[in-house]
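A structural walkthrough
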Amino acid sequence: MCGIVGYIGHRDAYPIIIKGLQRLEYRGYDSAGVAIYDGKGINLAKTKGKVEDLKKKSKETISVEGNLGIGHTRWATHGVPNDVNSHPHYSNSGDLVIIHNGIIENYESIKKELIKRGYTFHSDTDTEVLVNLIEEVQKTENVKLGKAVQIALNQVVGAYAIAVFDKKKPDELVVAKLGSPLAIGVGENEFFIASDASPFIEFTNNAIYLEDEEMAIVRLGKEIKLRKIKDDSVAYPNILELQMNIEEIEKGGYDHFMLKEIYEQPRAIKDTYRGRLRADLGVIKMAGIDDHLDKFLNANRIIIVACGTSWHAGLVAEYIFEDLARIPVEVEYASEFRYRNPVIHKDDVIIAISQSGETADTLAAIKLAKENGAFVFGVCNVVGSSISRETHAGAYTHAGPEIGVASTKAFTTQITVLTLIALKLAKEKGKINDSEFAEYLEELESVPGKVEKALESNPLIEIISEVYKDSTNCLYLGRGYNFPVALEGALKLKEISYIHAEGYPAAEMKHGPIALIDEQMPVFVIATKKGHYEKVVSNIQEIKSRKGKIIAIVTEGDVQVKELADHVIEVPETFESLTPLLTTIPLQLLSYHIAVMRECNVDQPRNLAKSVTVE
Ligand code: M6R
């Protein structure tokens, strides 16, 4: 869960690397480093802290001129975040320098062996072991860097995206990938290396995404050579033309990416159903489903695997698949599913949901399901990501890059895709008739406008946030379709404002959590008109009689809850199954404002990273 950037070409490498690292800070931000070859030697600077700290340190301590360089932003796995453990790492001779995203699991045994051969180590990292292993292979086998990397990687167990160069051969960069993402931007006699395309998108739209177990020797003035790490056979580069543009990865006038992404939701939801939903023709067209319709129609059950917010979207999908299409659904944390010896049948359909498409546990769950013969369908946002490639078929959410660590538009667009799938299957299975189907499509098309309306409550939400910003605990309650929204609301608050929050099905309150309620406890209740409204109103009364503070998300025009609650936030009326797309909006804004008021780093909360590529 780190970000890597590299450059070789005719431009100054340093500014490209620093800017690239800043764009990749969503992947980790506890330390950072850069190594530049200046025509004579390697200048390396690294530090605990953010890329901004690295910028200061490198300007003060090293020469940053040169056309070859690598940089790293870290989320610590082996060794605490400090200057020494930061990347890049030198080999013992000082000739090789490496950056690495991933984990080398057998590094301790390799390290012992290298120590016996006279190597010394300065850091606690697995990466320093790897660069010295490469050096040792180079020496003992008398091979070039590319071959040494290939031999060394065949001795390691784990995951990696690496970039390494040798100061004795400064016209080439060697990169390799297994389990962690690595993109190569291909320009005019220049190459960019990065964990995703954002560091090089203003220079080139042409990118190669390395497959697992592939490596490349990127050499100036030469064509890129791709090889299979296992057997050194030639692999052929597939150069993709990227659609991403620079505006999508900048803040565009907003103070934070999270706020920008919250406000992008009307557009993002529209982009998700664009070209798929044809209300005028009464059809939903989704190639990934159309091509495998029999798998879905004959499915014994659907198992959804995901983590975090994506898991919450999976819970919403469970309600809608069972409700509309009458297909049994189980929703599993990928991290539990992969290790608990689950029963998987050949006629189970697995849906893996992931914004990044790189989450290690979700990837492992997919592999397990495939080994057991199940059909695996991916719902991802990042095009070309590992999960999108590992699954048999899938549907992209088309949300556009999500950079804030807290997922917002990923959640609503995942729900939109899953709703389209459920509706399509319901229609194919004859569980809803043509007019119900048409009404649904029409309502779904009205959702972006209703999200816009929900966003208009922002000034009110800011005022409410001021009241509760110093709380130490919060409860979030919802029922039915809005129970997962309660979980998601609580997750948003904890991850960016560090306030303890719990989500519960409202009716579960009296089985324990009600004991927590007193005049200090804010309780956020989703109480929209449809979906057990009267029952939620009773739950609100139970909270009120114990003096809890009630902040309710209600349907426009509600009067009953208004009389009971301390604050109400209105959202437009819609079908019950679509309410999560609206009720989640005020909860996102609430956690955003509270985090800003508490002076928390909204886009890069402590201890977190955007894609969790370690288990
Ligand atoms: O990229 P993924 O959707 O697979 O990520 C899953 C979780 O790591 C992610 O949703 C995480 O919980 C977010 N920080 C939530 O805001």
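Residues numbered from 1 in each chain as written. Predicted model: local features only at pLDDT ≥ 70, side-chain atom pairs only at ≥ 80, totals over all residues. Heavy atoms only, no water.

**Remarks on the packing of helix H14 (residues 409-428) against helix H15 (residues 434-455)**
- Between H14 and H15, whose axes approach to 10 Å, the crossing angle comes to 170°. Put simply, H14 runs roughly antiparallel to H15. Where H14 approaches H15, its residues Thr419, Leu420, Leu423, Lys424 and Lys427 are matched on the opposing element by Asp434, Phe437, Tyr440, Leu441 and Leu444.
- Split into classes, the residues belonging to the contact of H14 with H15 amount to six nonpolar, one polar and three charged. (Axes fitted to C-alpha atoms, helices over the stretch in contact; angles between N-to-C directions. Helix = DSSP H or I, 4+ residues; strand = E, 2+ residues; numbered from the N terminus. Parallel < 35°, antiparallel > 145°, perpendicular 65-115°, else oblique. Contact = heavy atoms within 4.5 Å. Nonpolar A, V, L, I, M, F, W, Y, C, P; charged D, E, K, R; others polar.)

**Details of the sheet that holds strand E18 (residues 301-306)**
- Across the sheet, five strands lie side by side as E19-E18-E20-E21-E22; this open sheet has parallel pairing. The sheet terminates laterally at strand E19 (329-333) and strand E22 (393-396), the two strands that pair on one side only. On average, each strand axis in the sheet is tilted by 20° relative to the strand beside it, whichever way the strands run.
- Both strand E20 (residues 348-354) and strand E21 (residues 375-380) contribute to a ladder of six bridges, which runs parallel. Bridging across to E21, serine 354 finds its partner in cysteine 380.
- Helix H12 (residues 360-371) rests against E18, E20 and E21 of the sheet, and its axis sits at about 165° to E20. (Pairing = 2+ DSSP bridges.)

**Regarding the pattern of salt bridges**
- This structure, assessed with the given rule, holds 40 salt bridges.
- In this structure, arginine 219 and glutamate 172 form a salt bridge, with 2.7 Å as the shortest nitrogen-oxygen distance. Here the residue arginine 219 occupies a position in strand E12 (residues 214-219), and glutamate 172 occupies one in strand E8 (residues 172-178), the gap between them amounting to 47 residues. Glutamate 172 matches arginine 219 in its accessibility class, with the two residues each being buried.
- Close ionic contact of aspartate 271 with arginine 267 constitutes a salt bridge, the shortest N to O distance being 2.7 Å. With aspartate 271 and arginine 267 both in helix H7 (residues 265-273) and four residues apart, this pair spans about one turn of that helix.
- Accessibility expressed as a relative area gives 32% for arginine 267, which makes it partly exposed.
- One network of salt bridges, with partners in common, ties together Lys260, Glu264, Arg267, Asp271, Arg274 and Lys409. (Salt bridge = Lys/Arg side-chain N within 4 Å of Asp/Glu carboxyl O. Buried < 20%, exposed > 50% of the residue type's maximum accessible area, 1.4 Å probe, protein only.)

**Concerning the site of the ligand**
- In the vicinity of the ligand there are 15 residues, among which Ser310, Ser354, Ser356, Thr359 and Glu495 approach most closely.
- Valine 405 is positioned such that a nitrogen or oxygen atom in its backbone is 3.2 Å from a nitrogen atom of the ligand.
- A distance of 2.4 Å separates an oxygen atom of the ligand from a polar atom in the side chain of glutamate 495.
- The protein chains hide 92% of the 410 Å² of surface that the ligand would expose on its own.
- Elements that contribute at least two residues to the shell around the ligand include exactly helix H10 (308-325) and helix H17 (483-497).
- Residue classes in the shell around the ligand are distributed as five nonpolar, eight polar and two charged. (Near = heavy atom within 4 Å. Polar contact = N/O pair within 3.5 Å; in protein donor to acceptor, adjacent residues only side chain to side chain. Areas by Shrake-Rupley, 256 points an atom, 1.4 Å probe, with all protein chains shown as cover.)

**A short note on the environment of lysine 270**
- With respect to the element layout, lysine 270 can be found in helix H7.
- With a relative accessible area of 40%, lysine 270 lands in the partly exposed category.
- Separated by 162 residues in the primary sequence, lysine 270 and isoleucine 432 place their C-alpha atoms 23 Å from one another.

**Considering the environment of alanine 197**
- Along the chain, the position of alanine 197 falls in the loop between strand E10 (191-194) and strand E11 (206-209).
- Accessibility expressed as a relative area gives 0% for alanine 197, which makes it buried.
- Along the sequence, alanine 197 and lysine 177 sit 20 residues apart, while their C-alpha atoms lie 15 Å from each other.
- Among residues more than four places away in sequence, those in contact with alanine 197 are Tyr209, Leu242 and Met244.

**Here's the deal with the domain arrangement of the chain**
- As assigned here, the chain comprises domain 1 (3-248), domain 2 (252-454) and domain 3 (458-597).
- Domain 1 and domain 2 are separated by 34 Å when their C-alpha centres are compared.
- Counting residues at the interface gives eleven residues for domain 1 and eight residues for domain 2.
- For the pairing of domain 1 and domain 2, the buried interface totals around 870 Å² over both sides, and the portion due to carbon and sulfur atoms is 48%.
- Area buried by domain 1 at its contact with domain 2 is led by Tyr26, Tyr209 and Glu248, which between them contribute 45% of it. (Domains from an automatic or database assignment. Buried area = accessible area lost by both parts, 1.4 Å probe.)

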